[in-house]
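Now for the letters of each chain:
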Amino acid sequence: MSDLLHTHLPSTMSIRELLDGLLGREVTLEPGAPLAPSAKTPTSIATYVDDSLQLRSLIVVDLPFGAYAGAALGLIPVGGATDAIEAGALPETMAENLYEVLNIAASLFNVSGAAHLRLYQVHHAGAPLPADILARALTLGRREDLKVEVAGYGAGRLSVVLL
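It should be emphasised that the depicted structure is a prediction, and the values quoted were computed from it without experimental measurement. (Residues numbered from 1 in each chain as written. Predicted model: local features only at pLDDT ≥ 70, side-chain atom pairs only at ≥ 80, totals over all residues. Heavy atoms only, no water.)

## Here's the deal with unusual backbone geometry
With phi around 65 degrees, L53 is a residue other than glycine that occupies positive phi space. Topologically, L53 is positioned in the loop between β2 (43-49) and β3 (55-62). Given the relative accessible area of 48%, L53 is considered partly exposed. For L75, which is not glycine, the phi dihedral falls at a positive 55 degrees. Mapping L75 onto the fold places it in the loop between α2 (63-73) and α3 (78-87). (Helix = DSSP H or I, 4+ residues; strand = E, 2+ residues; numbered from the N terminus. Buried < 20%, exposed > 50% of the residue type's maximum accessible area, 1.4 Å probe, protein only.)

Here it is, written out as structure tokens:
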């Protein structure tokens, strides 16, 4: 029963290994400031639920990381990612690719002795964000805040927030 109460916070190394393998590029991570979604900092937010559909975790990524990861996964040239950043939203193809990255990232939470999580929903940068999700993204406590650089593309920010 205690397993149902515990949510695993992935390590920086496990996040790097997942992104390296998934994007097919070297990814470097370093500690960063907590990522706070705002009008000046558009973010995509993935929500993760347990088997009873209880919200357990979020992964919040800023627009640059979303664009670079979405472009790298789809082998889209860096210029396409730069255009998306300047436009303030991800085009459909990059949004779909980012969804895949965030879907596979659910595996980061699923370790022995912890609740099983799955991706529930992604709120993409530029789309309206529910107030409760925004409030939870600003939660301090058990979280991992990182600056992420995707080789050949650029750097952005990623935060894993446990609820």
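## Thoughts on empty space enclosed by the protein
Taken as a whole and judged by the stated rule, the model has one cavity of 30 Å³ or more. For the largest cavity, the calculated volume is near 60 Å³. Broken down by secondary-structure element, the contributors of at least two residues to the lining of the largest cavity are α1 (12-23), α4 (92-104) and β6 (154-162). Here the lining of the largest cavity gets three residues from one element, more than from any other, and that element is α1. (1 Å grid on protein atoms, 1.4 Å probe; cavity = no way out; pocket = protein on both sides within 12 Å on 5 of 7 lines; lining within 4 Å. Points joined across faces, edges and corners; volume = space filled by probe spheres on them.)

## Considerations on the nonpolar core
Among the nonpolar cores identified, the biggest contains 42 residues, and L19, Y48, I59, F65, L90, V148 and L158 are the most heavily contacted of them. Take this core: its biggest share by element is seven residues, from α2. In this structure L90 touches S44, L63, G66, A67, A84, A95, L98, H124 and A125, once residues within four positions along its chain are discounted. Of all hydrophobic cores here, the second largest spans nine residues; its members include I45, V49, L55 and L58. (Core = buried A, V, L, I, M, F, W, Y, C linked by side-chain atoms within 4.5 Å. Contact = heavy atoms within 4.5 Å.)

## Digging into the side chain of D145
Turning to its location among the elements, D145 is positioned in strand β5 (residues 143-150). Separated by 2.9 Å, the side chains of D145 and R143 make a polar contact. Apart from residues lying up to four places away in sequence, D145 is in contact with E30, P31, G32, A33, P34, L35, L158 and S159. (Polar contact = N/O pair within 3.5 Å; in protein donor to acceptor, adjacent residues only side chain to side chain.)

## Let's talk about the pattern of salt bridges
Taken as a whole and judged by the stated rule, the model has three salt bridges. Between R16 and D20 there is a salt bridge, with its nearest N and O atoms 2.9 Å apart. Highlighted residues: R16 and D20, both in helix α1, separated by four residues, approximately one helical turn. For R16, a relative accessible area of 30% gives the class partly exposed. A salt bridge links R56 to D50; the shortest N-O distance between them is 2.8 Å. Each of the two residues, R56 as well as D50, counts as buried. (Salt bridge = Lys/Arg side-chain N within 4 Å of Asp/Glu carboxyl O.)

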